[in-house]
Every structure is written in structure tokens, then in C-alpha cells.
Amino acid sequence: MNQKQTMLSLLRRYGVSVAAVIGSILLSASLPTISPASDLFIILAAILFSAWYGGLGPGVFSTLVGALGIAHLMEPIGSIAIASADEVLRLILFVVTSLVVVFFASSHKVALGRLARANEGLTQLTARMNTVREEEQARLARELHDQLGGLLALIKIYVTSVKRTVKDDKTIEDKTNVIVKQLEESVVMVQRLTMELRPTLLDLDGLPAAIDAYLDANCPRVELDCKKDIDSEVQLESACGVALFRIFQAAFTNIIRHAHAKGIMVRLKQDGADTTLVVCDNGIGLEQWQILQPSALGLIGMRERIRPFRGTVTFAGSPGQGTTVTVVVPRSGLS
């Protein structure tokens, strides 16, 4: 923030604060007096607003303006003269109370500002850690696919060649069959690990294709009935697409490990304003205390992944009724 912007912000804070107190003084003068303290409460409320809005400096200055206004409202009307010791005491109590209110209100505002900056810093740190992790997982996925996958395919070719050479030896042929089968299973495992680490389709064809392929590959493996409503036209900035895929992946993993579900429904839609991902199962469901407990690190991780994009994650469920995870990313969060 440059010097001009700082000055304008300072003038705005002082101007709004003083205007609020002057307005409260005029309001007190125009309203009928209910009790000797009624005027004080109206002006004190304005000073509280001044301290909350403007901070310590505008709050103290508003207290001075309010004290002058209180003195002006005392008898005789229209002067700064104070007629009795009771009025002097009332004015002193007003000033002391106002300063205490100003101190606590401004301190609270400062604390909230520090907390907001700390949260913003943690959000940026989390986003950076997620980026580094995604880069590392992408590298590992390439290594697995290119190096280990290629090596397994080459070994399979050699074993198949050996099998043809010794086809008259039943014992060796049986052993080579077992080796070939294990190699084929290893290739499938490498492909599955590669998809878990970083689906190729996520980079090539985008989020809809990656989710669709992930469901096709994993639902039959875990005997999970799958329903899909995926809009293939959904387009997202790369980092946001990765975040949504990881949330979907975490929700799917939770369903397999904890939900004891028989079916899953995944919906991905994008309208003019928002992108929405819904993952719903028909398992045992979640209770509210499970959603809110601090040890629910998986749920916390989902929220933190989408926070940099101003998105929200909500969890809904009840015992025996399944669980629904809904992620909404506003268009403004994609800029």
C-alpha cells in the first residue's frame, strides 16, 4: 500500500468514526431523555463502532468528541459549562468507560487482523506444499510408468521367449506361465499406482476424463456400483483441477475404507458461476460430531486443498443414510 492509499485509508477511518459520534450526539439531543444515562449509552455505542471500525486512534479521538458532546448536552444547554459535581462524575465515568471500550475493541480488531494474516499465510503455505507434493507425485508417476513399467514389459517378453524355447518341458512351462501371470499383475499394479499418484488423463484431457477413468478402473475392483453424471465440458485451471481430483480421490478412498457402501454416485457440473463436484455413497454415514472433530484430518485436508481457490467443502450424512461430499468452486476463485 503506497503513501497516498495509506493517507486515504486513515482519513476514511477518522472521518467515519467522527461522523458516527457526531451523529449519535445529534440523535441524543433530538430524542427525549429517558434517564440521565440514556445519552451516554447512545454515544458510547457510536464510540464502540469507531474503535471497531477505525482502530485505537480514531476511537480515542471519538471519545474526545463524545466527551465534548456530552458536556454540551448538559445544563446549561448550548455551553460547555457543567452545573454540578454529579455531572462532572458522570462525564469522567463516561470518558473512562469509553477509553476502556476503545482499548478492548481496537485490541480485538488487531488480534483478528493478525489471525487473518496468519490464516492467509497458512493457506499459502498449504497451497505451496500441495504444489510441491503434486510435482513430486507426478515425477514418481512418470518414473513408475516409464522405467518400472517398461522394465516389467521387457521381462515379460524375455520370459515369453523362454517359454517358447522350452515348450516341451512341462515343469518349466508351468513355472514360466506363473511368472508371466505375476508380471501381468505387476504391470496392472504399476498402472494403478501411476493413476493414484498422477493420472495421465488429468494433464492431457482434464478433470472430467480423469474422474471417469478413475471410477472405471477402481469401482469394479472393489465391487462398487457406480453412477456418473460428469459433464465432459467442464474446464478448470490446472491447479484447481488437481485440487478437485484429490478431493474426489480422498472421498473415494474414505468410502472404500470406512463407509461399507455398495454404491457411489459422482456428479461434476459447471454452470455460469460455479463448478460443483458431488460424491455420494449409500454406506453407514457420518454423524455431525465425526465431521467436526479435530482428528478428522482427511476432511480438514479436503477443505484446505480447495481454500486457495475460495471454494467450499461441505459434508452431509446421517447414520445408515450414507454421506455426501459437495465441493463448490466459484468462478471468482479460478482467476
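Residues numbered from 1 in each chain as written. Predicted model: local features only at pLDDT ≥ 70, side-chain atom pairs only at ≥ 80, totals over all residues. Heavy atoms only, no water.

**Brief notes about the pairing of strand 1 (residues 225–230)**
Next, step 1: Alignment of strand 1 against strand 2 (residues 263–270), held across 6 bridges, turns out to be parallel. When the sheet's bridge partners are listed, I230 is paired in strand 2 with L268.
Next, step 2: Following the backbone out of strand 1, through helix 8 (residues 238–259) and into the adjacent parallel strand 2, one traces a crossover that is left-handed. (Pairing = 2+ DSSP bridges. Helix = DSSP H or I, 4+ residues; strand = E, 2+ residues; numbered from the N terminus. Right-handed = clockwise from strand over helix to strand, strands pointing away.)

**Some details on the confidence of the model for the protein**
Next, step 1: The predicted model of the protein averages 80 in pLDDT, with 89% of residues at 70 or higher.
Next, step 2: Note on residues 76–82: pLDDT under 50 across the span, and 14 contacts to partners over four residues away in sequence or across chains. (pLDDT = per-residue confidence, 0-100. Contact = heavy atoms within 4.5 Å.)

**Concerning the nonpolar core**
Next, step 1: Grouped together as the largest cluster of nonpolar side chains are 39 residues, with contacts concentrated most on I211, F248, L277, I306 and V327.
Next, step 2: Looking at this core, the element that brings in the most residues is helix 8, giving 11 residues.
Next, step 3: Non-local contacts of F248, meaning those with residues more than four positions away in its chain, are made with I211, Y214, L215, V266, L277 and V279.
Next, step 4: Core analysis: the next-biggest nonpolar cluster, separate from the first, contains 16 residues, L40, I47, I70 and V102 among them. (Core = buried A, V, L, I, M, F, W, Y, C linked by side-chain atoms within 4.5 Å. Buried < 20%, exposed > 50% of the residue type's maximum accessible area, 1.4 Å probe, protein only.)

**Side note on unusual backbone geometry**
Excluding glycine, residues mostly carry a negative phi; peptide bonds, for their part, are mostly trans.
Next, step 1: One non-glycine residue with positive phi stands out, namely E223, at about 55°.
Next, step 2: Mapping E223 onto the fold places it in the loop between helix 7 (207–218) and strand 1.
Next, step 3: Positive phi is not limited to glycine here, since R310 has a value of about 60°.
Next, step 4: Inspection of the secondary structure puts R310 in the loop between helix 10 (297–306) and strand 4 (312–317).
Next, step 5: Owing to a relative accessible area of 55%, R310 belongs among the exposed residues under this scheme.

**Considerations on the pairing of strand 3 (residues 274–281)**
Next, step 1: Pairing of strand 2 with strand 3, which is carried by 7 bridges, proceeds in the antiparallel orientation. Residue pairing in the sheet places L268 in a bridge with L277 of strand 3.
Next, step 2: Counting the residues in the hairpin turn of strand 2 and strand 3 gives 3 residues.
Next, step 3: Inspection of the sheet shows strand 3 paired to strand 5 (residues 323–330) by 7 bridges, in the antiparallel sense. Paired with D274 across the bridge in strand 5 is P330.

**Remarks on helix 10**
Next, step 1: Turning to helix 10, its buried residues number three or more, namely L299, M302, R305 and I306. Along helix 10, the residues classed as buried sweep out an arc of 120° about the axis, all on the same side. (Arc of directions from axis to C-beta.)

**Quick look at helix 7**
Next, step 1: Taking 1.5 Å per residue, 12 residues should reach 16 Å; helix 7 reaches 16 Å between its end C-alpha atoms and fits that length.
Next, step 2: All buried positions along helix 7 are accounted for by L207, P208, A210, I211, A213, Y214, L215 and N218.
Next, step 3: On its buried face, helix 7 sits against helix 5 (170–197), helix 6 (200–204), strand 1, helix 8, strand 2 and strand 3. (Expected span 1.5 Å × (residues − 1).)

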